[in-house]
There are 2 protein chains.
Amino acid sequence: MQKKHSFVLKGNICYSNSNKKLVICKDSYVVCQEGICKGVFRELPSKYETYSIKDMGDHLIIPGLTDLHTHAPQYAFRGLGMDLELLEWLNTHTFPEEKKYADLTYAKKAYQMFVDDLKKSAVSRAVIFATMHVEGTKVLMDLLETSGLETYVGKVSMDRNAQEGLQEESAETAAAAIRQWLQETEGHYEHTKAILTPRFIPSCSDALMAEIQKIQKETGIPVQSHLSENPGEIQWVQELCPNSSSYSDAYYQAGLFGGTCPTIMAHCVWLNDEEMSLIKKQGVFIAHCPQSNINLSSGIAPVRKFLDKGISVGLGSDMAAGYSTSVLRAMADTIQCSKLRWRLLDTDQKPVTLEEAFYMGTAGGGAFFGKVGSFLEGYEFDAVVLDDSALVHPQELSIRERLERLIYLADDRQVKYKFVKGNLIYEKNKKLLTNE
Amino acid sequence: MQKKHSFVLKGNICYSNSNKKLVICKDSYVVCQEGICKGVFRELPSKYETYSIKDMGDHLIIPGLTDLHTHAPQYAFRGLGMDLELLEWLNTHTFPEEKKYADLTYAKKAYQMFVDDLKKSAVSRAVIFATMHVEGTKVLMDLLETSGLETYVGKVSMDRNAQEGLQEESAETAAAAIRQWLQETEGHYEHTKAILTPRFIPSCSDALMAEIQKIQKETGIPVQSHLSENPGEIQWVQELCPNSSSYSDAYYQAGLFGGTCPTIMAHCVWLNDEEMSLIKKQGVFIAHCPQSNINLSSGIAPVRKFLDKGISVGLGSDMAAGYSTSVLRAMADTIQCSKLRWRLLDTDQKPVTLEEAFYMGTAGGGAFFGKVGSFLEGYEFDAVVLDDSALVHPQELSIRERLERLIYLADDRQVKYKFVKGNLIYEKNKKLLTNE
């Protein structure tokens, strides 16, 4: 991979400066200085005149996208087994597949497919579930590191209600496995970070949650999990946690719900207002996964409420409950689901706009990584160059119209270049660039 | 184009023999005799041994798909203007675009893009709205004829509530335009048929509906229109037709609702039980357009009820309220929407199964063309060969699993060959074959 360096991209630049506002700069310059964005300019300031200018012609340049919730081992069965709800789906399709990742040959083969797909996409950052296997998780981290993507990866913890071969023996064993994994990967990677990953309350005993919290306090490593996805799941959590006032409260009581513990919770379809207030107060990120929530018949999350309350929301593909890895598609799905929610459930909650969906897929989720997902000055320089010339049309289109079309119509064929922290990590039709 | 002829395709063959049953035949033979399917065989009967065998290897072979409702002139703005409901969307985006088709140079350029897309898709049959322009509609019909696709095309009729430049002066003028169009195209085409196309009740005066019915009676030509898409539209129809008991009844009273008048009605999102009974009794086809119904915030049609009542249902892309031209995608959208309907509105209406969605996209909609959309003996030989080798996976998959994945994951890259009535009309990466 090329070293971080300083350069300028010229083209039609689109980014968010808030969740209400898309900034669109035709034929403009975005400056990268040692991996950091120095802003977007109609005319290039003289101090950057010595930088090399990469002219992207009529292409669109957008910030790299963040996939805030996805499961690498489930890539293998994307588009399959779409006939069940969450709990049955886990037992029938997911757990049997995840068991296979004890076999490192299988893990390497399957994870390589996932990583290759991610590399070709418009995603520059991702937060990823692996499986419970320490060695398999390391295989995934090795592959991701080579890709140049910036990611968090979680070895999954689960010590109850799973299946033979996919359940840790006790909270202590599970904690020891986390510690082993952290120790063996510490300092190994530049682009790949660890994230603590209790699968969800039904998979984790109180004792395991306590162990994970201890590790979190010691290390400061963030946490990801699932919250309030499916009515059957929520009822089960109530039974498992009789002393919690809600599903959110169960995580909160375990000390794994924001505050000093950076946290992503996926789904949040059926939260009550009290839970939303707690999420806001604790600074928990919500990973909104609309396609997954359709496929598993979970429902439609109240994204309008999340936005109104100022909750941090990003988008997740949730492979393989979501069958598409595309975060552009997740933006379209977000808008579409919000329309159905408005029409069928609550006309007080206005549909999500294009501006809001674009924000969630870029700066919204990117914020979990710091200043990521925008071309405002000081942001890390993640950029994707999109070539929409194959999406033919007979009439003149504005840049905003072309962006809207890309959100609805693009696939990997439209992704031409991808930069992460100023490094060019992917170029269409070229051999993938690697760290080596 | 090659002449209709007799041959055998060998591969993994999937088709419906009812809306509940997928027939899957690994490494089998499907026989085409002069454009007609003679059935699927595990071993090739000796009487067909002289036929040439085209070996499709490990590819899947499915019946050609039918797009039962789409608007050719709207292809130009697919993926744009997704922020409005039906009536505003028509006035803001659709009507201004459709006006442009008075210009034949523009019409030719724009329609060519639509037809090229359709050719590369898995669709072998389509029922298409053009615009109100006679000459523009003929341009579209010329292009479609050359493509080898089997289609119905409708010159749109509208004499009220449209916009200047897109409204016929009177019922008489509108009827004269239909007659001119029919006269000028009669006998011109082998693959392209005319269909009477009153846009929808709000665009057509009672006098125009009466004229169209007169033409329908004289010619026996079928009819397509829109029904019960959006609550605002339905209320407007009530005001416009005070003597009708329902939106369906308004078409029925006009004599343009099945019976001796073959009819397709798109959408049918908000039908009451009485309307569904009338549709069943009259043999009206419903074109279910799930993606359109999401994008325009219309709602989710009760497809489970349609199926239970034995109503004829096919799938429509409804370009450009639907942004995707893919009928495989329409199958996935049908399943997904039915899940949300089940979860959010009525748990008595079970989600649509893969079998049912596949049936609707093949034989369900195909039935409007006769014996079309299956490989049962006697069906017209429309076949699509799908190559899923680029959709990588690490594990063994059954043919049914591969078909499920294709429904969720395929785009035009997976369509390798397409046969319509026994003619090879498309081969990936080859120059498109034409009639000339």
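Residues numbered from 1 in each chain as written. Chains lettered and ligands numbered in written order. Predicted model: local features only at pLDDT ≥ 70, side-chain atom pairs only at ≥ 80, totals over all residues. Heavy atoms only, no water.

**Concerning the overall build of chain A**
Inference 1: Scanning chain A from N- to C-terminus turns up 13 helices and 17 strands.
Inference 2: Taken over C-alpha atoms, the radius of gyration comes to 21 Å for chain A, in line with the 22 Å a tight globule of 436 residues would show.
Inference 3: For chain A, buried positions account for 67% of its 436 residues.
Inference 4: Carbon and sulfur atoms form 47% of the exposed surface of chain A, whose accessible area is close to 15,000 Å². (Helix = DSSP H or I, 4+ residues; strand = E, 2+ residues; numbered from the N terminus. Rg over C-alpha atoms; globule rule 2.2 N^0.38 Å. Buried < 20%, exposed > 50% of the residue type's maximum accessible area, 1.4 Å probe, protein only. Areas by Shrake-Rupley, 256 points an atom, 1.4 Å probe, with all protein chains shown as cover.)

**Focus on the relation of the copies chain B and chain A**
Inference 1: When chain B is fitted to chain A, the best match, at an RMSD of 0.0 Å, comes from turning it 180° and sliding it 0.0 Å along the axis. Given the turn and translation reported, the copies of this chain are related as if by a two-fold rotation axis. Within chain B, the C-alpha atom positioned nearest to the axis of rotation is that of L344 of chain B, 3.8 Å from it.
Inference 2: Here 100% of the contact residues of chain B are again contact residues in chain A; the copies associate through an equivalent surface. (Least-squares fit on C-alpha atoms with pLDDT ≥ 70 in both. Contact = heavy atoms within 4.5 Å.)

**A word on the layout of surface pockets**
Inference 1: Volume-wise, the second largest pocket comes out at about 660 Å³.
Inference 2: Broken down by secondary-structure element, the contributors of at least two residues to the lining of the second largest pocket are α1 (86–99) of chain A together with α11 (327–344), α12 (354–366) and α13 (399–409) of chain B.
Inference 3: Counting residues per element, the lining of the second largest pocket draws most heavily on α1 of chain A, at five residues. (1 Å grid on protein atoms, 1.4 Å probe; cavity = no way out; pocket = protein on both sides within 12 Å on 5 of 7 lines; lining within 4 Å. Points joined across faces, edges and corners; volume = space filled by probe spheres on them.)

**Some remarks on the environment of Q216 of chain B**
All names here are of chain B.
Inference 1: Tracing the backbone through its elements, the reader meets Q216 in helix α5 (residues 206–219).
Inference 2: Overall, the relative accessible area of 4% leaves Q216 in the buried class.
Inference 3: For the pair formed by Q216 and P262, sequence separation is 46 residues and the distance between their alpha carbons is 9.6 Å.
Inference 4: Sequence-distant contacts of Q216, that is, excluding residues within four places in its chain, are made with L196, I221, V223, L256, T260, C261 and P262.

**Focus on the interface of chain B and chain A**
Inference 1: Across the contact, 49 residues belong to chain B and 49 residues belong to chain A.
Inference 2: Carbon and sulfur atoms supply 58% of the area that chain B and chain A bury against each other, a total of about 4,400 Å² over both sides.
Inference 3: Of all residues in chain B, R343, L344 and P394 of chain B give up the largest surface area on contact with chain A, accounting jointly for 15% of the area buried on that side.
Inference 4: On inspection of chain B and its partner chain A, the count reaches six salt bridges.
Inference 5: Across the pair E85 of chain B and R343 of chain A runs a salt bridge, and its minimum N-O distance is 2.4 Å. (Buried area = accessible area lost by both parts, 1.4 Å probe. Salt bridge = Lys/Arg side-chain N within 4 Å of Asp/Glu carboxyl O.)

**A short note on the packing of aromatic side chains**
Inference 1: Scanning the entire structure with this criterion turns up 36 aromatic pairs over all chains.
Inference 2: Arranged with centres 5.9 Å apart and planes meeting at 70°, the rings of Y15 of chain A and F375 of chain A form a pair that is edge-to-face. Here the residue Y15 of chain A occupies a position in strand β1 (residues 7–18), and F375 of chain A occupies one in the loop between α12 (354–366) and β15 (383–386), the gap between them amounting to 360 residues.
Inference 3: Accessibility expressed as a relative area gives 9% for Y15 of chain A, which makes it buried.
Inference 4: Its relative accessible area of 1% is what places F375 of chain A among the buried residues.
Inference 5: On the basis of an interplanar angle of 75° and a centroid distance of 6.3 Å, the ring pair of F381 of chain B and F419 of chain B is categorised as edge-to-face. With F381 of chain B in the loop between α12 and β15 (383–386) and F419 of chain B in strand β16 (residues 415–420), the pair connects residues that are 38 residues apart, well separated along the chain. (Phe/Tyr/Trp six-rings, centres within 6.5 Å; stacked < 30°, edge-to-face > 60°.)

**A short note on the pattern of salt bridges**
Inference 1: By the definition in use, this model includes 52 salt bridges over all chains.
Inference 2: For K155 of chain B, the salt bridge is made with E168 of chain B, and the minimal N-O distance between the two is 2.8 Å. Of this pair, K155 of chain B sits in the loop between β7 (150–154) and β8 (156–157) while E168 of chain B sits in the loop between β8 and α4 (171–185), and the two are 13 residues apart along the sequence. Considered together, K155 of chain B and E168 of chain B belong to a single accessibility category, that of buried residues.
Inference 3: Put simply, R125, E150, K193, E380, D382 and K421 of chain A are held in one network by salt bridges that share partners.

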